[in-house]
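Structural description and commentary
These are the residues of each chain, in order.
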Amino acid sequence: MTKVAFIGLGVMGYPMAGHLKAGGHDVTVYNRTTAKAEAWVEQHGGAMATTPRAAVEGAEIVFSCVGNDDDLRSVTLGDDGIFAGLASGAIYVDNTTASANVARELYAAGKEKGIACIDAPVSGGQAGAENGQLTVMCGGDQAAFDKAAPVADCYAKAVTLMGAPGAGQLTKMVNQICIAGLVQGLSEGMNFGMRAGLDMEKVLAVIGKGAAQSWQMDNRGSTMCKGEFEFGFAVDWMRKDLSICFEEAKNNGARLPATALIDQFYAQVQARGGKRWDTSSLMHLLAND
Ligand SMILES: NC(=O)c1ccc[n+]([C@@H]2O[C@H](COP(=O)([O-])OP(=O)(O)OC[C@H]3O[C@@H](n4cnc5c(N)ncnc54)[C@H](OP(=O)(O)O)[C@@H]3O)[C@@H](O)[C@H]2O)c1
C-alpha cells in the first residue's frame, strides 16, 4: 500500500483516483470545488483536504489531472501548492494534457526540492478512466517511473516511459494530431456514404474489418451517422490540445497543414454551440450544410 494523493477530481480524475483506492492504496484527494471531493470520499472512503499542499503531506506519490498549463501551475506552485507540501524523495505524476514546456518547467522546479516529476498524459477518454483502461505516456527519470508505474497501473492498461521530461506530452501531441486528421476523414466518409443512400451500419460492419478500421470508426462511426455528439471528448479540450501542438511545431519545424485546417473546423463547431460536443462532431459541419 502506497500513501498517495490525487489533485483534480474531474471527469477523468474522479474515476482514476477511485481506481487507486480500489487498488488498495491510501488515498487523499483535493478538488477546487469541495463538493466533488466530499462526494468522492463518500463513495470511496479515503480522506480529503482543502488545499493541494495539505492533501500531499506525507504522500509518497502524488497524481494530478487538471485542465491546462495555467491550472497546473496554480495547483503546483505557490504557498498552498503541491510543491509546498511534498517531501523530498516523493514522486509527482501529472496526468493533465499540457505543454512539454510546462512539464520541463515543473521537472526543474521539483528537482530543486528533491521531487521527481513525471509528465503522464493519458489517452482512452472518460470510458478508459472509468474502466481503468487508460494508456499513459510518460516523460521523466527511469528510477521514479519504475516506482510510480505499478501504482498508475491501477487506472491503466499500459504505462510507458517515452523519454526525458516532456516526452509524455510530446507523445500525446502526436496522438491528438493523428486523431484530428482521422476524425475528419471518417466524417467525410460517413457523410459521403449517407448521401449515397447506403445502409451505414452495414458499411461500418464491412469496412470496420478492413484497412479503414480505427478506434474512432469502432466507437464513433455509428453515433456520427445518427448525429449524436452530447458525450465524449469535448471540442474545447481538443482545441486546447491542438494549440499546444501548434506551439510545439513552431519549435520543431513540423508542418501541420491539415491539422490547422481541422482546428478551424472545430472553431466552427464551437460557433454552432458544440463546445462540449464530442470531437466526432466534425460530422455536424458536413451533414448539416
Ligand atoms: N475528458 C477526456 O475524455 C480526456 C481524455 C484524455 C485527456 N484529458 C485531459 O485530462 C485533463 C482533465 O480533463 P477532464 O475531462 O477531467 O476535465 P474536467 O472534468 O473539466 O476536470 C478538470 C479538473 O481540474 C480542476 N481544475 C481546473 N482548473 C483548476 C485550477 N486552476 N485549480 C484547481 N483545480 C482546477 C477542476 O476542478 P473543479 O471541479 O473545481 O472545476 C476539475 O477537478 C485535461 O487536461 C484534458 O485535456 C481528458
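All values derive from a computational prediction rather than experimental measurement.

This part takes up the pattern of salt bridges. In the structure shown here, the tally under the stated rule is 6 salt bridges. The residue R73 makes a salt bridge to D70 at a minimum N-O spacing of 3.3 Å. One end of the pair is R73 and the other is D70, both in helix α4 (residues 69–76) and 3 residues apart, which spans about a single turn. Note on R73: relative accessible area 27%, which makes it partly exposed. Exposure remark for D70: the relative accessible area of 52% places this residue in the exposed category.

Attention now moves to the site of the ligand. The ligand sits among 25 residues. The nearest are N31, T33, K36, G67 and K240. At a separation of 2.8 Å, an oxygen atom of the ligand approaches a polar backbone atom of G67. For the ligand, whose unbound accessible area comes to 900 Å², protein coverage reaches 89%. Taken together, the elements giving at least two residues each to the shell around the ligand come down to α4, α7 (125–131) and α12 (235–252). When its residues are assigned to classes, the shell around the ligand shows 9 nonpolar, 10 polar and 6 charged.

Before going further, it helps to spend a moment on the nonpolar core. Of all hydrophobic cores here, the largest spans 33 residues; its most connected members are F6, F63, V93, I118 and Y155. Top element by residues in this core is helix α8 (residues 142–152). It accounts for 6 residues. Within the second largest apolar cluster, 28 residues are counted, among which are V183, M190, C225 and A249.

Time to look at the side chain of S187. Mapped onto the elements of the fold, S187 is located in helix α9 (residues 167–195). A relative accessible area of 0% places S187 in the buried class.

What follows deals with the pairing of strand β6 (residues 116–119). Strand direction decides the pairing type here: strand β5 (residues 91–94) and β6, joined by 4 bridges, are parallel. Residue D94 lies in a different strand from β6, and its bridge partner there is D119. The β-α-β motif built from β5, the intervening helix α6 (residues 100–112) and the parallel element β6 has right-handed crossover chirality.

So, on to α9. Helix length check: α9, at 29 residues, gives a terminal C-alpha distance of 42 Å against a target of 42 Å (1.5 Å per residue), a fit within 8%. Note on α9: the residue one or two positions beyond its end, G197, has a positive phi of about 80°.

Moving on: the packing of aromatic side chains. Applying the stated criterion across every chain yields a total of 4 aromatic pairs. Here F63 and Y155 contribute two aromatic rings whose centre-to-centre distance is 5.8 Å and whose plane-to-plane angle is 80°, an arrangement assigned as edge-to-face. With F63 in strand β4 (residues 61–64) and Y155 in the loop between α8 and β9 (156–163), the pair connects residues that are 92 residues apart, well separated along the chain. Taking the centre distance of 5.9 Å and the plane angle of 90° together, the rings of F83 and Y92 count as edge-to-face. Note on Y92: relative accessible area 1%, which makes it buried. Through successive ring pairs, a cluster of aromatic residues spans F6, F63 and Y155.

Now for the packing of helix α10 (residues 200–207) against helix α11 (residues 215–226). Running from N to C, α10 and α11 cross one another at 165°; their axes reach a closest spacing of 10 Å. The angle between α10 and α11 places the two elements in the roughly antiparallel class. Relative to α11, the crossing made by α10 is right-handed. Here M200, E201, L204 and I207 of α10 come into contact with α11, specifically with M217, G221, S222, C225 and K226. A per-class count over the contact of α10 with α11 returns 5 nonpolar, 2 polar and 2 charged.

What counts and what doesn't
- Residues numbered from 1 in each chain as written.
- Predicted model: local features only at pLDDT ≥ 70, side-chain atom pairs only at ≥ 80, totals over all residues.
- Heavy atoms only, no water.
- Salt bridge = Lys/Arg side-chain N within 4 Å of Asp/Glu carboxyl O.
- Helix = DSSP H or I, 4+ residues; strand = E, 2+ residues; numbered from the N terminus.
- Buried < 20%, exposed > 50% of the residue type's maximum accessible area, 1.4 Å probe, protein only.
- Near = heavy atom within 4 Å.
- Polar contact = N/O pair within 3.5 Å; in protein donor to acceptor, adjacent residues only side chain to side chain.
- Areas by Shrake-Rupley, 256 points an atom, 1.4 Å probe, with all protein chains shown as cover.
- Nonpolar A, V, L, I, M, F, W, Y, C, P; charged D, E, K, R; others polar.
- Core = buried A, V, L, I, M, F, W, Y, C linked by side-chain atoms within 4.5 Å.
- Pairing = 2+ DSSP bridges.
- Right-handed = clockwise from strand over helix to strand, strands pointing away.
- Expected span 1.5 Å × (residues − 1).
- Phe/Tyr/Trp six-rings, centres within 6.5 Å; stacked < 30°, edge-to-face > 60°.
- Axes fitted to C-alpha atoms, helices over the stretch in contact; angles between N-to-C directions.
- Parallel < 35°, antiparallel > 145°, perpendicular 65-115°, else oblique.
- Left-handed = near helix turned anticlockwise from the far one by under 90°.
- Contact = heavy atoms within 4.5 Å.

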